[in-house]
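For reference, the chains in residue letters:
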Amino acid sequence: MYGQCSTAESDIGMLYYLTDIDGTGGRLKKTAQDFVVREISDAPAEVPEGKFTIADITTTNWETNRLIRLLARTMRISRERIGFAGTKDKRAVTTQKMSFECDPSKLDLVELKDIEFSNAYRSNRPIRMGDLLGNEFEITVRDYDVSKESVRDTVSSVTDVVNETGGFPNYFGVQRFGTSRPVTHIVGENIIRGDLKGAVDAYLFHPSEFEEDEVKEARITLKKCNGDYSNLDLELPKIMGFEKILIDHLIKRPDDYRGAIAEMPTNLQMMFTHAYQSYLYNLMLSGRMEHGLPLNMPMIGDTVIPLDADGVPMHDGPVQTTSKNIKLVEKQVKKGRAFVAITVYGSDGMFSEGEMGEIERKVISDAKLDKKDFIVPGLGNCSAKGNWREILCSVNNLRYEIGDDSYSMMFSLSKGNYATCLMREFLKTDMNRY
């Protein structure tokens, strides 16, 4: 029924594809211009005397955390005074709204490469995580492995299946874990299990064959220090800015791994635990697919999330599917007014019932976890309550163009979903080619 994944994506819990159609192969993001993202914003209203500056920012080849850090330094404000709705892919051309708790004139101080501001105005509130409706994508695939005729057949066939199904498996994509170095969930697992030294060590040392040689060598040197960085004679590569934060703290306060993690940016601390939750969720979704259960139709015991009038999932109002309401729930799901969901397990400890509930409980049991593990003493940003996530991601306006030596996909997704999880259905290739 579903295609099986044999690439490294299986290491982050993505064990299946929606389709068993052979992929085109190929490469995403050969250039940044091959991956264009435009945020569909839910921006604050304009208030002429407001203390926040809101502006569109278009960037090329910028990782979000590094962007925020350098913007703060250049504008001479705290990074906590910069707001954004969601992280974006690094190797891409992205347009999104950001807020700055400062006068608009501060934007003129920014002279960083491949950054452009536009449409600046004032508001009385900042942009916060989640203040967006979704994203529009235009993605070009190059260096595919099959003939142009095969590309057309594959793209057409997969598009048909996605449209017939109403979407694609709503995995947390590789960006959640680190495309070139999928380590974020490993750090998060160590934090949840109370091994804070293990968490820091994983972030500092965990290798990746896709990193630059100087970064690989730096990780080897750091590991040889055995936790004592007081005599470290190494200038870390600029790309290792967050590793430097950890090292600088441990030089001042050896063995204070909790304090070192607390020095990291707030959103990165949160991402560690969220990435581990995402890994567990991916395993649960794969478990549903392994059992041959549908993604676009509820079963008795399934949790279903209704949408509000604006099409936003109401995670605070889950509905359990029973023998009494299943016909009504099926009708709502079929009309796109509700979606089957799986637990994103946290300190709230929520589970579905029925066969899906058994799959969810087995993943947590096999991992030897308890809901109290997701309350991290002294690291509130790493604690996580949990929530529900829809198992099918709907796609809006999915279309394609076949070029002479490439093909492009155009579509939009609601917030919190991953374009690469749709593109993997077409490519079926190693995630390092994303």
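The present account deals with the structure reproduced in this document. (Residues numbered from 1 in each chain as written. Predicted model: local features only at pLDDT ≥ 70, side-chain atom pairs only at ≥ 80, totals over all residues. Heavy atoms only, no water.)

**Side note on the packing of helix α8 (residues 266–290) against helix α10 (residues 354–366)**
For the record, the criterion: Each axis is a line fitted through C-alpha atoms, taken for helices only over the stretch in contact, and angles between the N-to-C directions span 0 to 180 degrees. Labels follow the DSSP assignment, with helices taken as runs of H or I lasting at least four residues and strands as runs of E lasting at least two, numbered in each case from the N terminus. For classification purposes, an angle smaller than 35 degrees is called roughly parallel, one larger than 145 roughly antiparallel, one from 65 to 115 roughly perpendicular, and anything else oblique. Take the far helix as your reference; a near helix turned counterclockwise from it by less than a right angle gives a left-handed crossing, and one turned clockwise gives a right-handed crossing. Residues are treated as being in contact if the distance between any of their heavy atoms lies within 4.5 Å. Amino acids are sorted into nonpolar (Ala, Val, Leu, Ile, Met, Phe, Trp, Tyr, Cys and Pro), charged (Asp, Glu, Lys and Arg) and polar (every other residue, Gly among them).
Two elements in contact, α8 and α10, have axes separated by 9 Å at closest approach and are oriented at 140 degrees. Put simply, α8 runs oblique to α10. Judged by the twist between their axes, the crossing of α8 over α10 is right-handed. Of α10, the residues touching α8 (which contributes Leu280, Leu283, Met284, Gly287 and Arg288) are Met356, Ile359, Glu360, Val363 and Ile364. Classifying every residue of the contact of α8 with α10 gives seven nonpolar, one polar and two charged.

**Description of the layout of surface pockets**
Which entries qualify depends on this criterion: The definitions used throughout rest on a 1 Å grid laid over the protein atoms alone, on which a cavity is an enclosed set of points accommodating a 1.4 Å probe that cannot get out and a pocket is an open set flanked by protein within 12 Å on both sides along at least five of seven lines; lining residues are those having an atom within 4 Å of a point. Grid points are joined across faces, edges and corners, and a volume is the space filled by probe spheres set on the points.
Space inside the second largest pocket adds up to approximately 350 Å³. Residue lining of the second largest pocket: 15 residues in total, with Leu236, Pro237, Lys238, Gly241 and Lys244 positioned closest to the centre. Grouping the amino acids of the lining of the second largest pocket by side-chain chemistry returns seven nonpolar, one polar and seven charged.

**Brief notes about the packing of helix α2 (residues 148–165) against helix α11 (residues 419–427)**
Between α2 and α11, whose axes approach to 9 Å, the crossing angle comes to 130 degrees. By the angle class used here, α2 and α11 are oblique. Seen along the crossing, α2 lies across α11 with a hand that is right-handed. Contacts between α2 and α11 involve Thr154, Val155, Val158, Thr159 and Val162 on the former and, on the latter, Leu422, Glu425 and Phe426. Residues of the contact of α2 with α11, tallied by class, amount to five nonpolar, two polar and one charged.

**Overview of the environment of Thr95**
Using the following cut-off: Partly exposed residues are those whose accessible area sits between 20% and 50% of the maximum for their type, while under 20% is buried and over 50% is exposed, using a 1.4 Å probe and protein chains only. Pairing of N or O atoms within 3.5 Å defines a polar contact, subject to two protein rules: one partner must be a possible hydrogen donor and the other a possible acceptor, and residues neighboring in sequence count only if both atoms are side-chain atoms.
Along the chain, the position of Thr95 falls in strand β7 (residues 93–100). By relative accessible area, Thr95 is classed as partly exposed at 25%. Put simply, Thr95 and Gly194 are 99 residues apart on the chain and 38 Å apart in space, counted from C-alpha to C-alpha. Among the polar contacts made by the side chain of Thr95, one reaches the side chain of Thr58 at a distance of 3.0 Å.

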